[in-house]
Amino acid sequence: MKTLTVSDSCAAGKAADTSGPHLVELIKQSFKTDTVNYLLIADDEQLIKQSLTYACDVLKVRAVFTTGGTGFAPRDVTPEATRAIITKEAPQLTLAMTLCSIQKTKFGVLSRAVCGVRNKTLVVNFPGSKKAVGECFQAIVDVLPHVLNLLNEGEIERVRETHHKVQAESDVQCTEEVPHVCPHATGKGGDDRNSPFPMINVDDAMKQIVASIPIVQTTRKQLSRVNIPPFRASIKDGYALKSIGGKGTKKVIGYVSAGDAIVQTNFSIDECFKINTGAPVPLHADAVIQIEETKLVSRDHDYEKIVDILVEPTASLDIRSIGSDLRMSEEVFQYRFPIDACQRALLAAMGERVSVAKIKVAILSTGDELLHPYDAGTAANASSLEGKIYDSNTTMLVALVRQCGFNEDQCEIQQRVVKDDFKSLKTEIESLTGAVHIIICTGGVSMGDKDFVKPVLKELNYELIFGRVNMKPGKPSTYASSKMTKFFGLPGNPVSAFVTFHLFALPALRLYLAAINETAPNVAKSSLPIITVELMDTKYALDPRPEYARASIVSRNGKLLASITGGQISSRLKSTVDADVLLELPARTETKPYITAGTQLKALVLRSDFISRYE
């Protein structure tokens, strides 16, 4: 959810915003969540529209609550901005707040608040005073959970249950206490041995992750401290001369190489300097003629003496002027994270170092069976290997983080293997909570006797956002949030960890790195890019869950074809070696138990060189 305070004085720092933070606390208490984003902006209609549209269309939050700008002052334009972006109006919500306000003060009739819906996001305007915010919020808080359920197609069972209660008991109100009913089996104890966590889809899981990260709206701009080039530079290897001298025979009076000082000496129109590409043009020259358009007449030993200019020179010919590539104080770029090669190159060209706040990451593997892959001591003792396996997950995940652009100057990584017991796991996670931004842990999230991740997170007061996802591989994927540290509990099977890292942890890393550097992220580009491909395999049996199959890509006459990389069991790490993409396969149905060659599918691109071969 998101709150938006609209106030010129607060945005300018001339007054303290009390209404916005109060509204944030009301939402947290009523909806039992810590994931409420807060933004303070000026009374500007266009800015309000942009902020609301971004929250609804890009962040896709469930609700946006604004405070301020609902009165009759010239700058009070929040209702106008809201009405311009909503697709459905909700006048009865507005009426409920107005009636409540009138009971408190006759001035309640002066509020012009608007409530409505944009796509699947509820938008509610509250007045600007802290007292009025509290009163109006209480007027509608009981029905808000039902409104949000109605907007979410995945919660239709909740809606039906609420309607049933309302019809059966006229005095029952639609409140947030309505229990969640999931279409999938959830454990209730006793003989029911299913996970107690509802199984959500991948898109909803990602939306909840995004909502829990403190995304900011400001952009961070890099300005140039220098002119590039800092002097007039030659574009070609040739001869620097005065254009008024025209073409014809010239005497070569000197040589200028890249890195030389600027020649200050004046010279006649019948003289010239031989010059290299990138070298500073002599002060009194205004043109460079490339070597290909000249003829050597004579030389003195190793030095050219006379040259014939074959074309008519023009002023500024083949000269880069000062600041022609980049001017001092010009905006170079707006930061995007992680910082890529192009941004690094531009910073280097200006003599600037990469200077960003680092994201701190801890990568854990849980399991008593795990051995360090390079431990020579255990390899020498065969008996110590019985029942053991080498840990590949931490090695893979550290490499993936680095491979995705999180270099050492942007990301600090700790990696550890933790024993499969409650105390060890609690001690490890407790020590990292608040000290790192993101914990990526593999193993311990399923239904086994030694799967302690979820109980430990509850013990440490993390908010468990989700504990199961309707996908293959990766069903027991878990995500939890604390004030600073976000926790990804990925399955222990290496392929499951590989897939769920790319789908969930990688976008969060990109968003959080931008957040700690106080820069607005590109939410749409935080996830893997998607392309459309055609299946090459003759026949592939579908799973009851949506599946993310590893596949290699062949380009045939411009058409992208996907071939699934052998057995897709989640322990078979080899299936990732040749994988260029993750194929989004639909869940099996009675009418569609398998797919065949030629089926059009979406594919999530894993790497830049994603085409294995061309035919």
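Here the structure is a predicted model, which is why all the values come from computation and not from measurement.

Basis of the calculations
Residues numbered from 1 in each chain as written. Predicted model: local features only at pLDDT ≥ 70, side-chain atom pairs only at ≥ 80, totals over all residues. Heavy atoms only, no water. Phe/Tyr/Trp six-rings, centres within 6.5 Å; stacked < 30°, edge-to-face > 60°. Helix = DSSP H or I, 4+ residues; strand = E, 2+ residues; numbered from the N terminus. Buried < 20%, exposed > 50% of the residue type's maximum accessible area, 1.4 Å probe, protein only. Lys NZ or Arg CZ within 6 Å of the ring centre and 35° of its normal. Salt bridge = Lys/Arg side-chain N within 4 Å of Asp/Glu carboxyl O. Core = buried A, V, L, I, M, F, W, Y, C linked by side-chain atoms within 4.5 Å. Contact = heavy atoms within 4.5 Å. Expected span 1.5 Å × (residues − 1). Polar contact = N/O pair within 3.5 Å; in protein donor to acceptor, adjacent residues only side chain to side chain. Pairing = 2+ DSSP bridges. Axes fitted to C-alpha atoms, helices over the stretch in contact; angles between N-to-C directions. Disulfide = S-S within 2.5 Å. Parallel < 35°, antiparallel > 145°, perpendicular 65-115°, else oblique. Left-handed = near helix turned anticlockwise from the far one by under 90°. Nonpolar A, V, L, I, M, F, W, Y, C, P; charged D, E, K, R; others polar. Patch = residues over 30% accessible without salt bridge, like charges linked within 9 Å, V, L, I, M, F, W, Y side chains within 5 Å. Areas by Shrake-Rupley, 256 points an atom, 1.4 Å probe, with all protein chains shown as cover.

Novice: Provide a residue-level description of the packing of aromatic side chains, including the pertinent values.
Specialist: In the structure shown here, the tally under the stated rule is twelve aromatic pairs. Both rings, one in Phe65 and one in Phe126, keep their centres 6.0 Å apart while their planes meet at 25°; by these two values the pair is stacked. With Phe65 in strand S3 (residues 63–67) and Phe126 in strand S6 (residues 121–126), this pair connects stretches of sequence that are 61 residues apart. As far as the burial class goes, Phe65 and Phe126 line up, both buried. Between Tyr255 and Tyr303 the ring centres are 5.6 Å apart and the planes differ by 65°, which places this aromatic pair in the edge-to-face class. Of this pair, Tyr255 sits in strand S10 (residues 248–256) while Tyr303 sits in strand S14 (residues 303–309), and the two are 48 residues apart along the sequence. Owing to a relative accessible area of 36%, Tyr255 belongs among the partly exposed residues under this scheme. The structure contains a cluster of three or more aromatic residues connected by ring pairs, namely Phe466, Tyr479, Phe488 and Phe504. Above the face of the Phe197 ring, Lys454 is positioned so that its terminal group lies 5.3 Å from the ring centre. The ring of Tyr594 carries Lys539 above its face, with NZ or CZ at 4.1 Å from the centroid.

Novice: Outline the pattern of salt bridges, listing residues and values.
Specialist: Opposite charge on two side chains allows them to pair when their charged atoms are near. Considering all chains together, one arrives at 22 salt bridges under this definition. Residues Asp543 and Lys472 are paired through a salt bridge, measuring 3.4 Å at the closest nitrogen-oxygen approach. Highlighted residues: Asp543 in the loop between strand S26 (539–541) and strand S27 (547–556) and Lys472 in the loop between strand S22 (463–466) and strand S23 (478–481), separated in sequence by 71 residues. Of the residues examined, Asp543 reaches a relative accessible area of 14% and is grouped as buried. Taken together, the shared-partner salt bridges connect Lys472, Asp543 and Arg545 into one network.

Novice: Got a sec to walk through the nonpolar core? Specific residues and values, please.
Specialist: Ile209, Ile359, Phe406, Ile440, Phe488, Phe501 and Phe504 are the most contacted members of the largest nonpolar core, which has 79 residues in total. In terms of residue count, helix H15 (residues 494–516) provides more of this core than any other element does, 16 residues in total. Residues within four places of Ile440 in sequence aside, it is in contact with Val361, Ala362, Ile363, Leu364, Leu397, Phe488, Leu490, Phe501 and Ala505. Ranked by size, the runner-up nonpolar core spans 27 residues in total, among them Leu23, Ile27, Phe31 and Met97.

Novice: Describe helix H3 (residues 45–58), listing the residues and the values that go with them.
Specialist: Taking 1.5 Å of rise per residue, 14 residues should cover 20 Å, and H3 covers 19 Å from first to last C-alpha, within 8% of that figure. Residues of H3 that are buried: Ile48, Ser51, Leu52, Tyr54, Ala55 and Cys56. Elements that come into contact with the buried residues of H3 comprise strand S1 (2–6), strand S2 (37–41), S3, helix H4 (78–85), strand S5 (115–118) and S6. Capping the start of H3 is the job of one residue whose side-chain oxygen sits 3.2 Å from the backbone nitrogen of Gln46: Asp44.

Novice: Just give me the short version of the sheet that holds S14, but keep the residues and values in it.
Specialist: Paired through backbone hydrogen bonds, the strands of a sheet run either parallel or antiparallel to each other. Reading across the sheet, the six strands line up as S12-S9-S11-S10-S14-S13 and stay open at both edges, with mixed pairing between neighbours. Each edge of the sheet is formed by a strand with only one pairing partner; in this case those strands are strand S12 (287–290) and strand S13 (294–300). Along the sheet, successive strands turn relative to each other by an average axial angle of 35°, direction set aside. Bridge count between S10 and S14: four bridges; the pairing is antiparallel.

Novice: Any details on the side chain of Ser19? Residues and values, ideally.
Specialist: For Ser19, the location among the structural elements is in helix H2 (residues 19–31). With a relative accessible area of 3%, Ser19 lands in the buried category. Polar contacts involving the side chain of Ser19 include one to the main-chain amide nitrogen of Lys130, which spans 3.1 Å. Discounting residues that sit within four places of it in the chain, Ser19 has contacts with Thr67, Gly128, Ser129, Lys130 and Val133.

Novice: An account of the pairing of strand S24 (residues 486–490) is requested, with residue identities and associated values reported.
Specialist: Among the five residues that make up S24, five are buried, leaving the element largely enclosed by the rest of the structure. By the alternation rule, side chains of S24 split into Lys486, Phe488 and Leu490 and Phe487 and Gly489, which are all buried. Pairing of strand S21 (residues 438–442) with S24 involves five bridges; the strand directions are parallel. Among the inter-strand pairings, Ile439 is bridged to a residue of S24, identified as Phe487. Sheet topology places S23 next to S24; four bridges connect them, and they run antiparallel. The residue of S24 that forms the bridge with Ser481 is Lys486. Connecting S23 to the antiparallel partner S24 that follows it, the hairpin turn spans four residues.

Novice: Can you lay out the state of the cysteines for me, pointing to particular residues and giving the numbers?
Specialist: For the coordinates displayed, the defined rule picks out zero disulfides. Among the cysteines around Cys100, which has no disulfide bond, Cys136 carries the closest sulfur, lying 6.0 Å off. A residue is classified by how much of its surface remains accessible, and Cys100, at 15% relative accessible area, is buried.

Novice: Break down the packing of H3 against H4 for me, citing the residues and quoting the values.
Specialist: H4 packs onto H3 with a crossing angle of 45° between their chain directions and a minimal axis gap of 9 Å. With respect to each other, H3 and H4 are oriented oblique. Crossing of H3 over H4 shows right-handed handedness. Contacts from Glu45, Ile48, Lys49, Leu52 and Thr53 of H3 reach H4 at Thr78, Glu80, Ala81, Thr82, Ala84 and Ile85. Here the residues of the contact of H3 with H4 are counted per class, giving five nonpolar, three polar and three charged.

Novice: Quick rundown of the environment of Ala562? Include the residues and the values.
Specialist: Of note, Ala562 is situated in strand S28 (residues 559–564). Taking the relative accessible area as the measure of exposure, Ala562 reaches 0% and is therefore buried. Counting along the chain gives 513 residues from Ala562 to Lys49, while the straight-line C-alpha distance between them is 42 Å. Apart from the residues lying within four places of it in its own chain, the contact partners of Ala562 are Val533, Glu534, Leu535, Met536, Asp537, Ala551, Ser552, Ile553 and Leu583.

Novice: Describe a nonpolar patch on the surface, and please don't skip the residues or the numbers.
Specialist: A cluster of nonpolar side chains, namely Phe72, Leu95, Leu99, Ile102, Phe107, Val109 and Leu110, defines an oily patch on the protein surface of about 700 Å² accessible area. In this fold, Phe107 is placed in the loop between helix H5 (91–104) and S5.

Novice: Explain the environment of Leu23 to me, using residue names and the numbers behind them.
Specialist: Looking at the element boundaries, Leu23 is found in helix H2. When the C-alpha atoms of Leu23 and Val36 are compared, they prove to be 9.9 Å apart, with 13 residues separating the residues in sequence. Ignoring anything within four residues of it in the chain, the contact list for Leu23 reads Thr3, Phe65, Phe126, Val133 and Phe137.

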